[in-house]
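Observations on chain architecture
What follows is each chain in one-letter form.
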Amino acid sequence: MDENERDRRRALRRKKRQRQVLIGRLILVILLVVIAALAVFLVKDLTGGKKSSQSPVTSTGETTNPGESEAPADETGNEVTETQGETETEASLEDQAALKAAQYDYDGAIQLLKGSSDYAANTEYQALVAEYEAQRDACVEYPVDQVTHVFFHSMIVDENRAWAKGAGDATTDGLNQVMTTMDEFKQIMESMYEKGYVMVSIHELCEIDENRNVSRGTIRLPEGKKPFVLSQDDLSYYHYQDGYGLADKLLIDENGEVKNQYTEADGTVKIGDYDMVPWIDTFVKEHPDFSYHGQKGIIALTGYNGILGYRTDIAYKTRENLDELQQKWLDEHPDFDEAAWNQECEEAKKVADAMKANGWEFASHTWGHINVTEASLDKLKEDNEKWQTYVKPLIGDTNVVIFSFGADLGSWEGYFPDNEKFQYMKSQGFDIYCNVDGSQYWVQFGSEVTNGQSQYMRQGRRNLDGYRMYYNPEMLSDLFDANAVFSKLRPTPVPPM
């Protein structure tokens, strides 16, 4: 059954339910009118046609007429009958199942419908279960070692501000190399959606047993759909980005949704989709089939400037070991004290919790954005201890590390037993390791141990930024047309790495 036919059947079912509700209300109104007429007739018969002086009085002093309905009302003030309530519950259950099926969680949709108390007598539910079973059985397994992984940094909202200082300005050049504009990002995601890409959690690529041995996972999708992993680095809204047309931070808005705070050049503060996380949330609401089982991307966090736009690192509390930009920020916020620092940590944790509840995951990006290839083992340990102390309590456990600078703990051949850096990171709970690789896909399971299990999974990531679009557009053709997407406002040539 194609999508148009399913939409047509859902529409017919909705119309049927609406007719049932309208008929139920009409019958109720007729009954109320008849009852009211009988009541008036009886009162007149008993009182000789005189009006009763005993009208009930409500607690607010308003009177009610005898025979007036006392049925409970919904939020709009309309009466909710038992029949109406049941119909709305059924519609809600059906919609929930439809959402799960749209996101390829066919077993979840089937389980939901079969769990209904009236499933045995509900032919519509039975038909839907049969439909979802057929869709599930038609899915094919996608090779996990052919899953591509794309990543971004924070998005540029206002290009005029980002490029204002021109080529040669260190920040402008850096943004031009490794950042993507919001307009470019939207076009990339829309192109990938049209090409059949589906966002999956990196954890779908592997299975990890109780002994932390890692093996290949299983991803099943309809024919023609292609899973991909999405990640974003450095979502801290660093001080150096101030004034360059990027968002300020993430927050929870009045509707309980994670959004960005963005400050215009004139100081106007706006709340909305000004970076990857809220934009993806909105896009998945409108296109649920872009997400596998409701999963989103993975956010790689450092800690030295705090996380998610909140100044959560201990340096802001102790005012020790500050760099120039941190000192400048504290000078501009003289009232920032221990209580304010505690509040920043609390707000950051609330945002992180809300993101996780909505399908997002987190990874270590090292606390100080260090190059793990060049760093000594002692330096790696010192940095990781800071990340575990000041970042992990805010975002929770993670077994994923995404390396800064595209560095890695070992060569492409794999991590071996004599690799002390790997052995240390494994001991710290990390099972999944990500570097940067321009290939369409690169996934490795290595360091074989007993029973043929691996100790880790490693995946290469593709940078979809100014540098890659400018110098290697042909390497991105499976995802989008880089020449069409690349902003004409960018200073060119893009500085080489």
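Residues numbered from 1 in each chain as written. Predicted model: local features only at pLDDT ≥ 70, side-chain atom pairs only at ≥ 80, totals over all residues. Heavy atoms only, no water.

**Here's the deal with the overall build of the protein**
When you go through the protein residue by residue, the secondary structure sums to 16 helices and 18 strands. In the protein, buried positions account for 46% of the 497 residues. Counted over contacts in the protein with a minimum sequence separation of 6, partners at least 24 positions apart contribute 70%. When the accessible surface of the protein is totalled, it reaches about 24900 Å², and 50% of it is carbon and sulfur. (Helix = DSSP H or I, 4+ residues; strand = E, 2+ residues; numbered from the N terminus. Buried < 20%, exposed > 50% of the residue type's maximum accessible area, 1.4 Å probe, protein only. Contact = heavy atoms within 4.5 Å. Areas by Shrake-Rupley, 256 points an atom, 1.4 Å probe, with all protein chains shown as cover.)

**A short note on the pairing of strand E16 (residues 432–436)**
With four of its five residues buried, E16 lies for the most part within the structure. Where strand E15 (residues 400–402) and E16 come together, three bridges link them in parallel fashion. Within the sheet, the bridge partner assigned to valine 400 lies in E16 and is isoleucine 432. One ladder, built from five bridges, connects E16 with strand E18 (residues 456–463); its direction is parallel. Following the sheet pairing, asparagine 435 is matched in E18 by glycine 460. (Pairing = 2+ DSSP bridges.)

**A look at the nonpolar core**
Counting residues in hydrophobic clusters, the biggest one holds 59 residues, and the most contacted among them are Phe152, Met189, Ile280, Leu308 and Met355. If sequence neighbours within four positions are ignored, methionine 189 has contacts with Phe152, Leu230, Trp279, Ile280 and Phe290. Formed by 38 residues, the second largest nonpolar core is a distinct cluster that contains Leu93, Ile402, Phe445 and Met457. (Core = buried A, V, L, I, M, F, W, Y, C linked by side-chain atoms within 4.5 Å.)

**Section: the pattern of salt bridges**
Following the criterion strictly, the structure yields 22 salt bridges and no others. Salt bridges linked by common partners bring Glu257, Lys259, Asp273 and Lys285 together as one network. (Salt bridge = Lys/Arg side-chain N within 4 Å of Asp/Glu carboxyl O.)

**A few points about the sheet that holds strand E10 (residues 249–252)**
Taking strand neighbours across the sheet as the criterion, the three strands line up as E10-E11-E12 in an open arrangement whose pairing is antiparallel. Because the sheet does not close on itself, it has two edges, and the strands there are E10 and strand E12 (269–272). When strand polarity is set aside, the average angle formed by the axes of neighbouring strands in this sheet is 35°. Lying on the sheet, helix H8 (residues 276–286) is in contact with E10, strand E11 (258–263) and E12; it crosses E11 at an angle near 135°. In the packing of helix H11 (residues 338–357) onto the sheet, contacts are made with E10 and E11, and the angle to E10 comes to roughly 75°. (Axes fitted to C-alpha atoms, helices over the stretch in contact; angles between N-to-C directions.)

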